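Structural features, examined
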Amino acid sequence: MASISAERPDSILDLLIIGAGISGIGCACYLRRLLPHKRFRIIEARQDLGGTWDLFRYPGIRSDSDIFTFSYEFKPWREPEAIASGAAIMDYLRECVAENDLSNTITYGTRVIRAQWDSGSALWQVQIQDAQSGERETLQCRWIFSGTGYFDYDHGYRPSFEGEDRFAGPIIHPQHWPEDLDYSGKRIAVIGSGATAVSLLPALAQKAAHVTQIQRTPTYLLPVPQRDWLAIAMYRVLPDKLVHKLTRFRYMQLQRYLFTFCQNRPKTARRLIRWLNARQLPKDFDLSQHLNPPYEPWDQRLCTVPDNDLFQAISSGAASITTGKIERFCQDGVLMTDGQKIDADMIVTATGLNLKFFGDIELEVDGMPVNFADRLIYKGMMLDGLPNFCFSFGYTASSWTLKIDPLCRQLCDLISLMDARGEASCTPMRPAQFEASKPLLDLAAGYVRRAEAQMPRQTDTDPWTLSSNYFMEIRR
């Protein structure tokens, strides 16, 4: 750590938060609560808060994990849904902003272009740009918190398909869903097998003539209740904060046990999931072809099916699944390599995301560019050799955002410790000798594998690891 040499002017921010999504807003709320004397500002590239939940507008957008662990520990979730819609999550975030008086701290429509650390002054020089006017401004801050998320907001992953130019209808990526799109009575082909496709299918089926999910590789589908009736009953007789705390703990344990069970007993987990699926699907549905992934449970994230909505859409005949490889698009649909043709008036390419760390911001430390792939992650929140820089990167075996609470508390504790010691900077420094690093994410998903070369790395030794266990994180 470097020591504070002199008083700083009021123009210098204590902390600059990049991104007004669930991570950035969470960090700001913790600053308000734990370090109320600190000056901070939130820079958001979009014209509204919410991040992911403002960007994605496709039908059926919802959380892919329970909302009790997805929400903040300090603000109870009072709605009856345990799997929340995108609109409900946006309302929740707006309430957080209002309750913590954050509105005047957020600057919308502004991108962070470059951040340069100067060890002499122990400050970040951050260049921001107004998206409309193009005007640039330089801010000075002691700390940066990156809540930019983990994927490219401008471009989703979109492989090209032969014959696209011949298709007569629209081809839409869920990341760029048109607001005025009318798909009533349309035959729709949804290409993909992840959480987006699983959410889209039952939602589109309510108005479309028919929806066909085209998947190259099946995924694990886990039926879950849409509402938590135990939590609803508890809210009637117990204080909100107590119910929220108890319900969060219950879901944390469920997530932990499910992940451990899948990892330790994969064959049993596979049989159990298939049995649950079979109970909800027609007897002639081919589970072996359409719901039999070639990998073990939790090698990739499980997809939740609230109140069996996807299974009900299939059982009613409003939706169907086709498994195989696409040969090409034709004028009125999709032709598979096995000769099958999927008739379609509209095609939705739910083909995934492109990972992008820290929003393509150029980082420098004392004039030297920072290459994230050369860095080791420290306690899941900082990078070696990068001073006063914290970022949020969630869990893979639990709710992604469950990590926000312990991470932000630890950041506030660290800043308080630095203040008490009169220190101006804090830099994780990797040991001179350490074991070979390994990929940051141990998931087989395509979007992870495509971005592996640009990710920071980790080791097998704490604290140079990315933990996916909330309780281990708390102990650490």
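Residues numbered from 1 in each chain as written. Predicted model: local features only at pLDDT ≥ 70, side-chain atom pairs only at ≥ 80, totals over all residues. Heavy atoms only, no water.

1. Some words on the sheet that holds strand 13 (residues 319-323)
- The strand order across the open sheet built from five strands is 8-17-9-10-13, with neighbouring strands paired in parallel fashion. The sheet terminates laterally at strand 8 (171-172) and strand 13, the two strands that pair on one side only.
- The pairing of strand 10 (residues 210-215) with strand 13 spans five bridges and is parallel. Bridge pairing in strand 13 links glutamine 213 to isoleucine 321.
- Contacting strand 9 (187-191), strand 10, strand 13 and strand 17 (346-349), helix 5 (residues 195-205) runs over the sheet at an angle of about 165° to strand 10. (Pairing = 2+ DSSP bridges. Helix = DSSP H or I, 4+ residues; strand = E, 2+ residues; numbered from the N terminus. Contact = heavy atoms within 4.5 Å. Axes fitted to C-alpha atoms, helices over the stretch in contact; angles between N-to-C directions.)

2. Considering the side chain of glutamine 175
- For glutamine 175, the position within the fold is in the loop between strand 8 and strand 9.
- Of note is the side chain of glutamine 175, whose polar atom sits 2.8 Å from the backbone oxygen of aspartate 152.
- Discounting chain neighbours no more than four positions away, the residues touching glutamine 175 are Leu55, Phe56, Phe151, Asp152, Tyr153, Asp154, His155, Gly156 and Leu353. (Polar contact = N/O pair within 3.5 Å; in protein donor to acceptor, adjacent residues only side chain to side chain.)

3. Describing the sheet that holds strand 15 (residues 333-336)
- Strand order in the open sheet made by the three strands is 14-15-16, with antiparallel pairing throughout. Taken across any chain shown, the strands that pair with only one partner, and hence form the sheet edges, are strand 14 (326-330) and strand 16 (341-343). On average, each strand axis in the sheet is inclined to that of its neighbour by 20°, with strand direction left out of account.
- Across three bridges, the pairing between strand 15 and strand 16 is antiparallel. By the bridge assignment, valine 334 is partnered in strand 16 with isoleucine 342.

4. Some thoughts on the pairing of strand 15
- Relative to strand 15, strand 14 runs antiparallel, the two sharing four bridges. Among the inter-strand pairings, arginine 328 is bridged to a residue of strand 15, identified as leucine 335.
- Taken together, strand 14 and the strand that follows it, strand 15, pair antiparallel across an intervening segment of two residues.
- From the end of strand 15 to the start of strand 16, which pair antiparallel, there are four residues, and glycine 339 there has a positive phi angle of about 95°.

5. Focus: the packing of aromatic side chains
- If you walk through the whole model with that rule in mind, you get 17 aromatic pairs.
- Summarising the aromatic geometry, the rings of phenylalanine 167 and phenylalanine 329 are spaced 6.4 Å apart at their centres and angled 65° between planes, so their arrangement reads as edge-to-face. Within this pair, whereas phenylalanine 167 is found in the loop between strand 7 (136-146) and strand 8, its partner phenylalanine 329 is found in strand 14, the two being separated by 162 residues in sequence.
- We classify phenylalanine 167 as buried; its relative accessible area is 7%.
- Overall, the relative accessible area of 0% leaves phenylalanine 329 in the buried class.
- Each member of the aromatic cluster is reached from another via a ring pair, and the members are Trp117, Trp124, Phe358, Phe372, Phe389 and Phe391.
- One residue, arginine 78, lies across the ring of tyrosine 235, its end atom 4.2 Å from the ring centre.
- Between the NZ or CZ atom of lysine 207 and the centre of the ring of tyrosine 183, over which it lies, the distance is 4.8 Å. (Phe/Tyr/Trp six-rings, centres within 6.5 Å; stacked < 30°, edge-to-face > 60°. Buried < 20%, exposed > 50% of the residue type's maximum accessible area, 1.4 Å probe, protein only. Lys NZ or Arg CZ within 6 Å of the ring centre and 35° of its normal.)

6. Structural notes on the environment of alanine 344
- You can see alanine 344 is positioned in the loop between strand 16 and strand 17.
- You can call alanine 344 buried: its relative accessible area is 3%.
- A sequence separation of 10 residues divides alanine 344 from valine 334, and the C-alpha atoms of the two residues are 7.2 Å apart.
- If we skip the residues at most four places from it in the chain, alanine 344 touches Phe167, Arg187, Ala189, Asp332 and Gly333.

7. Topic: helix 4 (residues 86-99)
- Compared with the 20 Å implied by 1.5 Å per residue over 14 residues, the 20 Å span of helix 4 between its first and last C-alpha is a close match.
- Along helix 4, the residues classified as buried are Gly86, Ile89, Met90, Tyr92, Leu93, Cys96 and Val97. Buried positions in helix 4, seen along its axis, are confined to an arc of 160° and lie on one side of it. The exposed residues of helix 4 that point more than 90 degrees off its buried face are Ala87, Ala98 and Glu99.
- At its buried positions, helix 4 is contacted by helix 1 (22-34), helix 2 (52-55), helix 3 (67-70) and strand 4 (106-107).
- One or two residues past the end of helix 4 sits aspartate 101, with phi positive at roughly 55°. (Expected span 1.5 Å × (residues − 1). Arc of directions from axis to C-beta.)

8. Regarding the pattern of salt bridges
- Summed over all chains, the structure comprises 25 salt bridges.
- Among the ionic pairs, arginine 46 bridges to aspartate 54, the shortest N-O distance being 2.7 Å.
- Residue arginine 46 is classed as partly exposed on the basis of its relative accessible area of 24%.
- Where lysine 341 meets aspartate 343, a salt bridge forms, and the shortest distance between an N and an O atom there is 3.2 Å.
- Classification of lysine 341 by relative accessible area gives partly exposed; the value is 36%.
- Here the salt bridges share partners, and the residues they tie into one network are Arg46, Asp54 and Arg57. (Salt bridge = Lys/Arg side-chain N within 4 Å of Asp/Glu carboxyl O.)

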